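Commentary on secondary and tertiary structure
Chain by chain, the residues:
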Amino acid sequence: MTQKNKGILCILMAAFFFAVMNVCVKAAGDLPLIQKTFFRNLIAMIFAVSILLKQHGSFKWKKGNLPLLLLRSTCGFVGILGNFYAVDHLVVADASMLNKMSPFFGIIFSAILLKEKCSFKQAMAVFIAFIGGLFVIKPTFANMELLASLAGFGGGMAAGLAYTLVRALGKRKENGSYIVFFFSAFSCVVTLPYLILNYAPMTAPQLLALLGAGLAAAGGQFAITNAYCFAPAKDISIYDYSQIIFSAILGFMFFGQIPDAYSVLGYVIIISMAVYIFFYDRKAKNA
């Protein structure tokens, strides 16, 4: 198997794991959002600690990186809250699709914060993708799920900013495993006071669902990290959108959910723009 094929396999695995994570979060039922977020990040933190120990890595940030780490962690935390709220109230595939707006926001934030050039064609693709997002959100007062849709869209925006800050930290030579550890630990510390004061008793199935969400999230993070070690983003990143397919299948299997026609149209528009940017970037880099 070639390195590229290994990368594709890993990113498909990551997409599946993240789809499973969303299904587990929804299956956990009406538990507080903060409680779900805590358990998701607690498992990720344990895995990050084990990796740092195995790598004999440092648990100290590099000089000057603390402000970026705090901002990245805050944005990532807001992104998870938005995604989980959307998962709780929307069709799982819709919530996953809104979260996948993050690469488009990444282009915008990279242009603003990192001064990375954004061409007119890329800007137009981002604009059209936002139109696709409107088909998923369906912004009318008659839409009773509008708040959840906006939360999912906002979560995708926050995730896009978080990924841009991860890139900035990478340029400053911060360890990737440490970034994951810092973010997970930050999220656990922020949510712990609320959890202590407002802990909601859980049934055994709910606890298993949250543990499953944490394990799936950790599996997704490891798989996507390995994917980009095997092959460059320009060759494999588009396969990450397979999460929408996995989410639609799992949502139907476990909750009987079927996305409506407007959502499907939105999926087609957004994924089409992702494919366009994928091939545009690939052509530009090869040139």
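Provided above is the structure to which this section pertains.
This report concerns the structure included in the present document. Keep in mind it's a predicted model, so treat the numbers as computed, not measured.

Attention now goes to the overall build of the protein chain. When you go through the protein chain residue by residue, the secondary structure sums to 12 helices and zero strands. For the protein chain, the α and β elements follow one another from N to C terminus as α-α-α-α-α-α-α-α-α-α-α-α. Radius of gyration (C-alpha) of the protein chain: 18 Å, near the 19 Å computed for a compact globule of 287 residues. Over its C-alpha atoms, taken along the principal directions, the protein chain stretches across nearly 55 × 50 × 40 Å. Across the protein chain, the fraction of contacts at a sequence separation of at least 24, relative to all contacts at a separation of at least 6, is 88%. Counting every atom, the protein chain has about 14,000 Å² of accessible surface; 72% of that belongs to carbon and sulfur. In the protein chain, 23 side chains carry a positive charge and 10 a negative one; their mean positions are 14 Å apart.

Take the packing of aromatic side chains next. Applying the stated rule across the entire model yields 15 aromatic pairs. Relative to phenylalanine 109, the ring of phenylalanine 105 lies with its centre 6.4 Å away and its plane at 25°, an arrangement referred to as stacked. With phenylalanine 105 and phenylalanine 109 both in helix α5 (residues 102-113) and four residues apart, this pair spans about one turn of that helix. For the pair shown, phenylalanine 105 and phenylalanine 109 are each scored as buried. In textbook terms, an aromatic cluster arises when at least three aromatic residues are bridged by ring pairs, as seen for Phe59, Trp61, Tyr178, Phe181 and Phe182. Its end group placed over the ring of phenylalanine 255, lysine 26 keeps NZ or CZ at 6.0 Å from the ring centre. Lying across the ring of phenylalanine 183, arginine 72 places its NZ or CZ 4.4 Å from the centre.

Our next topic: the side chain of glutamine 35. Mapped onto the secondary structure, glutamine 35 falls in helix α2 (residues 33-54). In this view, glutamine 35 contacts Leu195, Asn198, Tyr199, Ala200, Met202 and Leu210; residues no more than four positions away in its chain are not counted.

All right, on to unusual backbone geometry then. One non-glycine residue, histidine 56, lies in the positive phi region at around 55°. With phi around 70°, lysine 173 is a residue other than glycine that occupies positive phi space. Inspection of the secondary structure puts lysine 173 in the loop between α7 (146-171) and α8 (176-198). What makes lysine 173 exposed here is its relative accessible area of 64%.

A contiguous nonpolar surface patch, about 760 Å² in accessible area, is contributed by Ile245, Ile249, Phe252, Met253, Phe254, Phe255 and Ile258. Relative to the helices and strands, phenylalanine 252 is located in helix α11 (residues 242-255).

About the criteria used
- Residues numbered from 1 in each chain as written.
- Predicted model: local features only at pLDDT ≥ 70, side-chain atom pairs only at ≥ 80, totals over all residues.
- Heavy atoms only, no water.
- Helix = DSSP H or I, 4+ residues; strand = E, 2+ residues; numbered from the N terminus.
- Rg over C-alpha atoms; globule rule 2.2 N^0.38 Å.
- Contact = heavy atoms within 4.5 Å.
- Areas by Shrake-Rupley, 256 points an atom, 1.4 Å probe, with all protein chains shown as cover.
- Lys, Arg positive; Asp, Glu negative; His and termini not counted.
- Charge placed at Lys NZ, Arg CZ, Asp CG, Glu CD.
- Phe/Tyr/Trp six-rings, centres within 6.5 Å; stacked < 30°, edge-to-face > 60°.
- Buried < 20%, exposed > 50% of the residue type's maximum accessible area, 1.4 Å probe, protein only.
- Lys NZ or Arg CZ within 6 Å of the ring centre and 35° of its normal.
- Patch = residues over 30% accessible without salt bridge, like charges linked within 9 Å, V, L, I, M, F, W, Y side chains within 5 Å.
- Salt bridge = Lys/Arg side-chain N within 4 Å of Asp/Glu carboxyl O.

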